[in-house]
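# Structure at a glance
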Amino acid sequence: MMLLSPSILSSNFGILEKELLMLNESSCDWVHIDVMDGVFVPNISFGFPVLEVIKNTSLKPLDIHLMITNPDKYIEKFASYKPEVLTVHFEACTHLHRTIQKIKSYDIKAGVAINPHTPINSLESIINEIDVVCIMSVNPGFGGQVFIENTFSKIKALKNLITKQKSNTLIQIDGGVSDKNAAALLKEGSDILVAGNYIFKSNDPKDNINKLKNIK
Ligand code: DX5
Ligand code: ZN
């Protein structure tokens, strides 16, 4: 059973509440929340006041993706929104093991996102501690980018690592996901798909959510 996590970065912030109510009524599983600081990535998205609105309106579990430097500084604050998963970037953490333990101390799933250039074998010593690995299938920073095809070989390598080390880690794919590649991504072993533009830039977001959810 695949989990679908629409990325509200691609939604219309002028009617954010309406967009969240639409997700509440849809068949999606989580809501993906992209927090960018303008330092780790070349874009700034939104911060705590917007998270407040999302927390108060969404009935779906929150999937927070931190594209920020020094995430440790803000883990307590993000944990206060009680997300399902809190994801930090591998490339932003000097003491990743400690960061993961801190997230899990709040009873929240710990996610680790890896940029397109970061190899799967960097996770070898830490995979058993990670609840969700988020493979970035675009360079983080913007919605609506083209899916990087090499992602497929990374999913395969990650699946092998998870099997070899008998870990329960879920595989999430973020960036350029659509009805064109979703079936292949699932076949390769992905558990969670994030989709922004494919859902929110369509005329019928709920229908596109259903389309992805119905892909086997
Ligand atoms: C990219 C973000 C993604 C993005 C996905 O930095 O992490 O979550 O919003 O959007 P699409 O599906 O449009 O690539
Ligand atoms: Zn994301």
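Residues numbered from 1 in each chain as written. Chains lettered and ligands numbered in written order. Predicted model: local features only at pLDDT ≥ 70, side-chain atom pairs only at ≥ 80, totals over all residues. Heavy atoms only, no water.

With that settled, the discussion passes to the overall build of the protein. Secondary structure summary: the protein contains eight helices and eight strands in total. The C-alpha radius of gyration computed for the protein amounts to 16 Å, which stays within 12% of the reference 17 Å derived for 216 residues, consistent with globular compactness. Dimensions of the protein along its principal axes, counting C-alpha atoms only, are 45 × 35 × 30 Å. Nonlocal contacts in the protein, meaning residues at least 24 apart in sequence, comprise 65% of its contacts between residues at least 6 apart. With the model as given, the accessible surface of the protein reaches about 9800 Å², and the carbon-plus-sulfur share is 50%. (Helix = DSSP H or I, 4+ residues; strand = E, 2+ residues; numbered from the N terminus. Rg over C-alpha atoms; globule rule 2.2 N^0.38 Å. Contact = heavy atoms within 4.5 Å. Areas by Shrake-Rupley, 256 points an atom, 1.4 Å probe, with all protein chains shown as cover.)

This paragraph deals with helix H4 (residues 96-104). All of the buried residues in H4 are Leu96, Thr99, Ile100 and Ile103. Down the axis, H4 shows its buried residues gathered within 100° of arc, on one side only. Buried residues in H4 make contact with helix H3 (75-79), strand S4 (85-89) and strand S5 (109-114). (Buried < 20%, exposed > 50% of the residue type's maximum accessible area, 1.4 Å probe, protein only. Arc of directions from axis to C-beta.)

With five of five residues buried, S4 lies mostly within the body of the structure. On S4, burial covers both faces: Val85, Thr87 and His89 on one face and Leu86 and Val88 on the other are all buried. As judged from the three bridges shared by strand S3 (residues 62-67) and S4, these two strands associate in the parallel manner. By the bridge assignment, isoleucine 64 is partnered in S4 with leucine 86. (Pairing = 2+ DSSP bridges.)

To find leftover empty space, a probe the size of one water molecule is rolled over the atoms. Taken as a whole, this structure holds one cavity of 30 Å³ or more when the rule is applied. Space inside the largest cavity adds up to approximately 40 Å³. Contributing to the lining of the largest cavity are Pro116, Ile135, Met136, Ile148, Asn150, Thr151 and Lys154. Secondary structure elements with two or more residues in the lining of the largest cavity: strand S6 (132-136) and helix H5 (151-164). (1 Å grid on protein atoms, 1.4 Å probe; cavity = no way out; pocket = protein on both sides within 12 Å on 5 of 7 lines; lining within 4 Å. Points joined across faces, edges and corners; volume = space filled by probe spheres on them.)

What follows concerns unusual backbone geometry. Positive phi values are uncommon outside glycine, yet asparagine 70 reaches one of about 50°. Mapped onto the elements, asparagine 70 comes out in the loop between S3 and H3. Despite not being glycine, lysine 166 has its phi angle at roughly 50°, a positive value. Lysine 166 sits in the exposed class, given a relative accessible area of 73%.

Glancing now at the coordination of the zinc ion (ligand 2). Looking at the zinc ion (ligand 2), the protein donor atoms are His32 (NE2), Asp34 (OD), His65 (ND1) and Asp174 (OD), and they sit 2.0 to 2.3 Å from it. Geometry at the zinc ion (ligand 2) is octahedral, judged from the six donor atoms that bind it and their angles of 71 to 173° at the metal. When the donor residues of the zinc ion (ligand 2) are listed from N- to C-terminus, their spacing reads H-x1-D-x30-H-x108-D. With aspartate 34 in strand S2 (residues 31-36) and aspartate 174 in strand S7 (residues 170-174), the pair connects residues that are 140 residues apart, well separated along the chain. Comparing aspartate 34 with aspartate 174 shows no difference in burial state: the two are buried. (Donors = N, O, S within 2.8 Å, 3.2 Å for Na, K, Ca; no water. Tetrahedral: all angles 85-135°; square planar, octahedral: opposite > 155°, others 65-115°.)

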